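Working through the structure, step by step
Listed here are the chains, written in short residue letters.
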Amino acid sequence: QQELLDIICQMMPGGVIGGYIEEGFPLYVVNDTMLEMVGYTYDEFVKETKGLIINSIHEQDADRVYRQVLECLKEEKQYAIEYRVKRKDGTSLWVYDMGRKLIAEDGRPAIISVLVDISESVRVKKNLIEESNRDFLTGIYNRKGGEASVTAKMNDTIPYVFLMIDLDNFKTINDMYGHETGDKMLRFFAKQLQEAF
């Protein structure tokens, strides 16, 4: 069973990692592709994570991943989840983790996961969301982005102030000096707001 697992791990196009279903997910198996993805040798990875898979997951994602995996495994034998993995160089790698429960050769319950690098997809998605929330001319929040920001702040416990500003008679500038000059003025005004706040 172990030899078969080793062969499968080496053939998989993504990173493969497995851990026992115990506190912190003690490391059961990891393939070379996974080690290359995070930039570690096997010994470095074990030392850095203290032999626990949970320590390879970005701090902001670790609790969520731990809870979701255990919750999924109560209901089913498999799960799928997205999160960030820490790399040796200090950066993070977004992965799509497809995991499955199994019984290891020593009889202990374990999980084995295939991790696919989705960093580029996440970056593109974040950029698209950011672009849809901002005015293309000025770079400041558009109505959609402004409403989302207001909603988020209203749910926050930190004190906040909202300010609404209207540029009086702006149409006159466009009519007298042209839309190009009007656009320059809007960009200038937006820059002043961003610097002031």
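Everything here concerns the structure above.
Residues numbered from 1 in each chain as written. Predicted model: local features only at pLDDT ≥ 70, side-chain atom pairs only at ≥ 80, totals over all residues. Heavy atoms only, no water.

For the rest of this paragraph, the subject is the layout of surface pockets. Here the largest pocket is characterised by a volume of approximately 1200 Å³. Secondary-structure elements contributing two or more residues to the lining of the largest pocket are α6 (143-154) and α8 (179-196). Take the lining of the largest pocket: its biggest share by element is six residues, from α6. (1 Å grid on protein atoms, 1.4 Å probe; cavity = no way out; pocket = protein on both sides within 12 Å on 5 of 7 lines; lining within 4 Å. Points joined across faces, edges and corners; volume = space filled by probe spheres on them. Helix = DSSP H or I, 4+ residues; strand = E, 2+ residues; numbered from the N terminus.)

To summarise the sheet geometry, strands pair through backbone hydrogen bonds and adopt either a parallel or an antiparallel arrangement. Pairing within the open sheet is antiparallel, and its five strands lie in the order β2-β1-β5-β4-β3. Among the strands making up the open sheet, the edge pair consists of β2 (27-30) and β3 (78-86). Averaged over all pairs of adjacent strands, the angle between strand axes in this sheet comes to 25°, irrespective of strand direction. In terms of strand pairing, β3 meets strand β4 (residues 92-103) through nine bridges, oriented antiparallel. Residue Val85 lies in a different strand from β4, and its bridge partner there is Leu93. (Pairing = 2+ DSSP bridges. Axes fitted to C-alpha atoms, helices over the stretch in contact; angles between N-to-C directions.)

So, on to the packing of helix α7 (residues 170-177) against α8. At a minimum axis distance of 7 Å, the contact between α7 and α8 shows a crossing angle of 135°. Considering the angle they form, α7 stands oblique to α8. Here Phe170, Ile173, Asn174 and Tyr177 of α7 come into contact with α8, specifically with His179, Thr181, Gly182, Met185 and Leu186. In terms of residue class, the contact of α7 with α8 is made up of five nonpolar, four polar and no charged. (Parallel < 35°, antiparallel > 145°, perpendicular 65-115°, else oblique. Contact = heavy atoms within 4.5 Å. Nonpolar A, V, L, I, M, F, W, Y, C, P; charged D, E, K, R; others polar.)

With that settled, consider the side chain of Ser113. With respect to the helices, strands and loops of the structure, Ser113 is situated in strand β5 (residues 109-117). At a separation of 2.6 Å, a polar atom in the side chain of Ser113 contacts the side chain of Tyr79. Residues contacting Ser113, with those up to four places away along its chain left out, are Gly15, Val16, Ile17, Tyr79, Asp97, Met98 and Gly99. (Polar contact = N/O pair within 3.5 Å; in protein donor to acceptor, adjacent residues only side chain to side chain.)

Attention now moves to the pairing of β2. Pairing geometry for strand β1 (residues 15-20) and β2, over three bridges, is antiparallel. Within β2, the position partnered with Gly19 by the bridge is Leu27. The hairpin turn running from β1 into β2, its antiparallel successor, is six residues long, and Gly24 in that turn takes a positive phi close to 80°.

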